[in-house]
Amino acid sequence: LSMHIATLMLVQGRGAEALSLIEAAQAQVVDAEPGSEAFWRFAGELAAAENRPALAIAAYRRIVLGERGKAAEAADFEALYRLLQDDDPAAAAQVALAAWRRFHAPASLLRALEYHAGAGQWQAVARIFAEIPAGELAALRGQADFLQISARYHAQRGEPARARADLQAALALSPRSPGLLA
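Residues numbered from 1 in each chain as written. Predicted model: local features only at pLDDT ≥ 70, side-chain atom pairs only at ≥ 80, totals over all residues. Heavy atoms only, no water.

### Overview of the nonpolar core
Rules: We define the nonpolar core as a collection of buried residues of types Ala, Val, Leu, Ile, Met, Phe, Trp, Tyr and Cys that are connected through side-chain atoms lying within 4.5 Å of one another. The buried label applies to any residue whose accessible area, calculated with a 1.4 Å probe on protein chains only, is under 20% of its type's maximum; exposed applies above 50%, and partly exposed to all values in between. Helical segments are the DSSP runs of H or I of at least four residues, strand segments are the runs of E of at least two, and each set is numbered from the N terminus. Two residues qualify as a contact provided that any one of their heavy atoms is within 4.5 Å of a heavy atom in the partner residue.
Counting residues in each nonpolar core, the largest one holds 49 residues, and the members touching the most others are Leu109, Leu113 and Phe129. Here the element with the most residues in this core is helix α6 (residues 89-103); it accounts for eight residues. The residues contacting leucine 113, other than those within four sequence positions of it, are Val125, Ile128, Phe129, Phe146 and Ile149.

### Focus on helix α8 (residues 122-131)
Just so we agree on the cut-off: Within this analysis, the arc is defined by the directions that extend from the helix axis to the C-beta atoms.
Restricting attention to buried positions, one finds in α8 the residues Trp122, Ala124, Val125, Ile128 and Phe129. The buried residues of α8 occupy an angular sector of 155° when the element is viewed end-on, so they sit on one face. Residues Gln123, Arg127 and Ala130 are exposed on α8 and point more than 90 degrees away from its buried face. Elements that come into contact with the buried residues of α8 comprise α6, α7 (106-118) and α10 (144-156).

### A look at the packing of α7 against α8
Quick reminder of the rule: Between N-to-C directions, angles cover 0 to 180 degrees, with each direction set by a line fitted to C-alpha atoms, over the stretch in contact for helices. Angular relationships are summarised with four words: roughly parallel below 35 degrees, roughly antiparallel beyond 145, roughly perpendicular across 65 to 115, and oblique for the angles in between. Definitions for this section: a left-handed crossing has its near helix turned counterclockwise from the far helix by less than a right angle. A right-handed crossing has that turn clockwise. Three classes are used, and their members are as follows: Ala, Val, Leu, Ile, Met, Phe, Trp, Tyr, Cys and Pro are nonpolar, Asp, Glu, Lys and Arg are charged, and the others, Gly among them, are polar.
One way to put it is that α7 packs onto α8 with a least axis distance of 8 Å and a crossing angle of 155°. If you check the angle between α7 and α8, you find them roughly antiparallel. Handedness of the crossing formed by α7 with α8: left-handed. The segment α7 lies against α8, with Leu109, Ala112, Leu113, His116 and Ala117 engaging Trp122, Ala124, Val125, Ile128 and Phe129. Of the residues in the contact of α7 with α8, the class split is nine nonpolar, one polar and no charged.

Here is the structure:
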């Protein structure tokens, strides 16, 4: 009922009031019940729209890590790692990696690698590289973003020839990529 009322409030442009109603209703939600993820998804979307990132993060964590985590969708993971990326890139990387492990979406894997590479966590990058199945690795090697991360990884390992080969392959795939031209 609270979601329906909050939706009506949103239609009337009363987002802050809708979020207050949803916050008050949180104590009534039992995570083990079917459909609870819909409440938390709505709460997360609404909190994000109302610029309340901590509340949005808490809501998406209830979906992804809660008792009904199997009902979580790829978009729930993505919303959570995007909310975490600025303030907690290590947590964002873990969520993105969990999303990749579950859904095998290359975009999630790339985000996890980007977060770790951006923080200079090359051992974490190495562990992820070791986990990628050969078929997925072959497909990823056809993406300039992946090749750029791979080049940075190999450069950090003191393997300039492999780094150069990855950069050349990335440039061949995406000659106007701003990240490659820098």
